[in-house]
Amino acid sequence: MKSYFICIVAILFLCSSCAVIRPGEAGVKQTLGKFSDQISTQGVIYYNPLISKVVKESTQTNNIKLVLSLPTKEGLSVNSEISILYRLELNKIPTILENLGQNYESIITSVFRSASSDVCAQFFAKDMHSGMRANIEEEIKTKMLINLEKQADGIELIAVLMKSIQLPRGLASSIEQKLQAEQDAMRMKFIIQQATLEAERKIIEATGERDAQKILAQGLTNEIIQLRSIEAFVKLAQSSNSKVIITDGKTPLMINN
């Protein structure tokens, strides 16, 4: 009975002294507060639970979601849902844990708040609701990368996405009206261009017909008509059929027998 109890205790001790690292994770052993340089990606890590533990971190792309009020150039506040996509560099996970701890996401959030305030204050509110949004996102990301290199080296910033942008009600209505007016103007410009092209096509056709008639009239001189008549008489004379030809000396009129 005693040996059975010892076996159970031994099994429990072994189970508590191992950690399973799953795909998409990295494990780092921490012994007496110091992180090991060895990084385990998949499999089992054995450690002494009395003096050590295994810290697991995701190596996949992670998403930090925020809802912030962003300043604009004209002094307004624009509410937006933000997604910050990042990933930890595998070989730098021990350094990140040592310098920042496991609460490194708070550092990323703080860096974003600073960068977004600086960048958005240079743009108008309408820019965040138009094609300029991609430029704003890229500028925020660039500024964040500079700050993260100083404070949190080893965090790979993938993208900053601004979603569900809510402009002040009056401004949103004005922007929609302006966009509608621009679309109407573009549509009218297209209609005018089509009408102009059609008018030009008709003018070209009419001019071409007049020029063709003019050229034809200029080409039919008396000499050319007389020459064509002589050629016609010659062809008739070469024919074996009997014919009666009535002519005024200019043009033949043929009667078959």
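These figures come from a predicted structure and were not determined experimentally.

Thresholds applied
Residues numbered from 1 in each chain as written. Predicted model: local features only at pLDDT ≥ 70, side-chain atom pairs only at ≥ 80, totals over all residues. Heavy atoms only, no water. Patch = residues over 30% accessible without salt bridge, like charges linked within 9 Å, V, L, I, M, F, W, Y side chains within 5 Å. Areas by Shrake-Rupley, 256 points an atom, 1.4 Å probe, with all protein chains shown as cover. Salt bridge = Lys/Arg side-chain N within 4 Å of Asp/Glu carboxyl O. Helix = DSSP H or I, 4+ residues; strand = E, 2+ residues; numbered from the N terminus. Buried < 20%, exposed > 50% of the residue type's maximum accessible area, 1.4 Å probe, protein only. Pairing = 2+ DSSP bridges. Axes fitted to C-alpha atoms, helices over the stretch in contact; angles between N-to-C directions. Contact = heavy atoms within 4.5 Å.

*Asks:* Can you break down a nonpolar patch on the surface residue by residue, with the values?
*Replies:* A contiguous nonpolar patch, built from Met188, Phe190, Ile191 and Ile192 and spanning about 410 Å² of accessible area, is present on the exposed surface. Here Ile192 is to be found in helix H5 (residues 169-219). Residue class for Ile192 comes out partly exposed when judged on its relative accessible area of 49%.

*Asks:* Give me the lowdown on the sheet that holds strand E8 (residues 155-166), citing residues and values where you can.
*Replies:* Reading across the sheet, the three strands line up as E6-E7-E8 and stay open at both edges, with antiparallel pairing between neighbours. Each edge of the open sheet is held by one strand with a lone partner, namely strand E6 (62-71) and E8. Each adjacent strand pair in this sheet contributes to an overall mean axis angle of 25 degrees, direction not counted. Where E6 and strand E7 (residues 77-88) come together, ten bridges link them in antiparallel fashion. The residue of E7 that forms the bridge with Asn62 is Tyr86. Contacting E6, E7 and E8, helix H3 (residues 104-120) crosses the sheet at an angle of about 35 degrees to E6. Strands in contact with helix H4 (residues 133-151) are E7 and E8; relative to E8, the strand with the most contacts, it is inclined by about 145 degrees.

*Asks:* So what's going on with the pairing of strand E3 (residues 34-40)? Residues and values would help.
*Replies:* By the bridge criterion, four bridges tie strand E2 (residues 25-31) to E3 in an arrangement that is antiparallel. Across the sheet, residue Val28 finds its bridge partner in E3, namely Ile39. Hairpin connection of E2 to E3: two residues between the antiparallel strands, including Leu32 at a positive phi of 50 degrees.

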